[in-house]
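Summary of the model geometry
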Amino acid sequence: MWRHRLGEIVLDRTHVMGVLNVTPDSFSDGGRYSAPEAAIQRALDIAEQGASILDVGGESTRPGSATVPADEEWRRVDPVLQSVVRKLDIPISIDTRKPEIAAKALERGAAIVNDVSGLSDPRMARVISRARAGAVVMHMQGVPMTMQTAPQYADVVGEIRDLLAGRVKAAMEDGVERQAIAIDPGVGFGKSVEHNLAILRNLDPIAALGHPVVVGVSRKSFIARLGGGEPMRDRLAGSVAAATLAVAHGAHVIRAHDVADTVRAMRVADAILASRHGVGEP
Ligand code: HH2
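The structure contained in this document is the topic of the report that follows.

Definitions and cut-offs
Residues numbered from 1 in each chain as written. Predicted model: local features only at pLDDT ≥ 70, side-chain atom pairs only at ≥ 80, totals over all residues. Heavy atoms only, no water. Helix = DSSP H or I, 4+ residues; strand = E, 2+ residues; numbered from the N terminus. Rg over C-alpha atoms; globule rule 2.2 N^0.38 Å. Buried < 20%, exposed > 50% of the residue type's maximum accessible area, 1.4 Å probe, protein only. Contact = heavy atoms within 4.5 Å. Areas by Shrake-Rupley, 256 points an atom, 1.4 Å probe, with all protein chains shown as cover. Lys, Arg positive; Asp, Glu negative; His and termini not counted. Charge placed at Lys NZ, Arg CZ, Asp CG, Glu CD. Polar contact = N/O pair within 3.5 Å; in protein donor to acceptor, adjacent residues only side chain to side chain. 1 Å grid on protein atoms, 1.4 Å probe; cavity = no way out; pocket = protein on both sides within 12 Å on 5 of 7 lines; lining within 4 Å. Points joined across faces, edges and corners; volume = space filled by probe spheres on them. Expected span 1.5 Å × (residues − 1). Arc of directions from axis to C-beta. Pairing = 2+ DSSP bridges. Axes fitted to C-alpha atoms, helices over the stretch in contact; angles between N-to-C directions. Nonpolar A, V, L, I, M, F, W, Y, C, P; charged D, E, K, R; others polar.

A look at the overall build of the protein chain
Within the protein chain one finds 10 helices and 10 strands. What you see for the protein chain is a C-alpha radius of gyration of 18 Å, in line with the 19 Å of a compact globule of 282 residues. When burial is assessed residue by residue, the protein chain has 54% of its 282 residues classed as buried. In the protein chain, once contacts between residues fewer than 6 apart in sequence are set aside, the share between residues at least 24 apart is 69%. Of the roughly 12,200 Å² of accessible surface on the protein chain, 52% is carried by carbon and sulfur atoms. Averaging the locations of the 33 positively and 34 negatively charged side chains of the protein chain gives two centres separated by 2 Å.

Notes on the side chain of Arg 255
Following the sequence through the fold, Arg 255 ends up in strand S10 (residues 253–256). Polar contacts involving the side chain of Arg 255 include one to the side chain of Asp 95, which spans 3.3 Å. Not counting chain neighbours up to four residues away, the residues in contact with Arg 255 comprise Met 17, Val 19, Asn 21, Asp 55, Asp 95, Asn 114, Val 215, Gly 216, Val 217 and Ser 218.

Describing empty space enclosed by the protein
Left-over empty space is what a probe sized like a water molecule reveals as it rolls over the atoms. Counted by the stated rule, this structure contains one cavity of 30 Å³ or more. Volume-wise, the largest cavity comes out at about 50 Å³. Every residue along the wall of the largest cavity is listed here: Val 217, Ser 218, Ser 239, Val 240, Ala 243, Ile 254, Arg 255, Ala 256, His 257, Asp 258 and Thr 262. Elements supplying a minimum of two residues to the lining of the largest cavity: helix H9 (236–248) and S10.

Notes on H9
Over its 13 residues, H9 extends 18 Å from the first C-alpha to the last, a length consistent with the 18 Å expected when each residue adds 1.5 Å. Every buried residue of H9 is listed here: Ser 239, Val 240, Ala 242, Ala 243, Ala 246 and Val 247. Within H9, the buried residues cover an arc of 165 degrees as seen down the axis, which keeps them to one side. Of the surrounding secondary structure, the elements contacted by the buried residues of H9 are helix H6 (193–201), strand S9 (214–216), helix H8 (221–226), S10 and helix H10 (259–274).

Describing the pairing of strand S4 (residues 53–57)
Where burial is concerned, most of S4 is hidden: five out of the five residues are buried. Alternating residues of S4 divide into Ile 53, Asp 55 and Gly 57 and Leu 54 and Val 56, and every residue in both groups is buried. Sheet topology note: the strand S3 (residues 15–21)/S4 ladder contains five bridges and is parallel. In the sheet register, Met 17 faces S4, and the bridge partner there is Ile 53.

Observations concerning the side chain of Ser 239
For Ser 239, the location among the structural elements is in helix H9. Only 2.9 Å separates the side chain of Ser 239 from the backbone nitrogen of Arg 219, close enough to count as a polar contact. Residues contacting Ser 239, with those up to four places away along its chain left out, are Val 217, Ser 218, Arg 219 and Ile 223.

As for the sheet that holds S9
The strand order across the open sheet built from eight strands is S8-S7-S6-S5-S4-S3-S10-S9, with neighbouring strands paired in parallel fashion. Both outer strands of the open sheet, strand S8 (181–184) and S9, are each paired with one neighbouring strand and no more. Ignoring strand direction, the axes of neighbouring strands in this sheet form an average angle of 25 degrees. Across three bridges, the pairing between strand S5 (residues 92–95) and strand S6 (residues 112–115) is parallel. Within the sheet, the bridge partner assigned to Asp 95 lies in S6 and is Asn 114. Seen against the sheet, helix H2 (residues 70–84) touches S3, S4 and S5 and runs at an angle of roughly 175 degrees to S5. Sheet strands touched by helix H5 (residues 156–173): strand S7 (134–138) and S8. Its angle to S8, the strand with the most contacts, is close to 160 degrees.

Considerations on the layout of surface pockets
Reported here for the largest pocket is a volume of approximately 520 Å³. Around the largest pocket, the lining is made up of 36 residues, and of these Phe 27, Arg 62, Val 187, Phe 189 and Lys 220 lie nearest the centre. Breaking the lining of the largest pocket down by element, the ones donating at least two residues are S3, H6 and H8. When residues of the lining of the largest pocket are assigned to their parent elements, the largest contribution, three residues, is made by H8. Residue classes in the lining of the largest pocket are distributed as 12 nonpolar, 15 polar and nine charged. Considering the residues around the second largest pocket, the lining is formed by Leu 197, Leu 200, Arg 201, Phe 222, Ile 223, Leu 226, Gly 227, Gly 238, Ala 241, Ala 242, Leu 245 and His 249. By residue number, the principal contributor to the lining of the second largest pocket is H9, which donates four residues. Here the lining of the second largest pocket is built from residues that sort into eight nonpolar, three polar and one charged.

Okay, here's the thing in structure tokens:
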């Protein structure tokens, strides 16, 4: 169970978190949903296609990106939050690193804070605890502007696990409830292709921390690096392959752009995993 400001998500199947970037420059859908009407229609489509969470973001964190001033970030996400909050029956997560954006989004009706910096601003955990919101605590090495320059780890999975465990402990000391905290290894955030592969085939120690595990692989550049260098629109198959293996190793929530297809794929993955002790197996 993952508790958030408006209820809870039961982890009896794999959930899909649908991505809505209200940014001019996100790596895969930048500029498509900058107009509020387009963003609002996209939000409704994401819910209709079976997502369990709508993830709204107003700042790109793609490699090489710079931070966006808070007033600009709020100007992007506020119209979407205002219009969709009452129309959706799924919780909204706000994808932000800024406590002031998180606080205002929660006031508007968001239920979860998705922080790719892993609550690195000490004020963020207090914003979450005060609102009794859910949280995604993600691992990132460095900052987006430079994180892909030369990521280094002696033991990538162990270091991610230890950092996440520390951030979770600190958040709980600031009053965030244990059941409200999901964790995310941060695929592609200060990681080489080899680091991403190590995470996806060995997610189990991170899942063993006992929190819901969110994984975002959708359309990321490592998918194209491993495939045939395919453009953004052709990365669904590779994204689903990576998501499926993440689920087999303990992921509970898959963050995805292609919601309908990812939901369908996860139903099949769930059915196979649920039958693990079935016919033909000792
Ligand atoms: N990845 C991105 C953004 N937010 N949040 C979580 N919890 N996990 C992720 O893997 C993750 C995330 C990057 O993808 P996207 O939002 O499509 O791009 P951009 O940062 O350019 O807006």
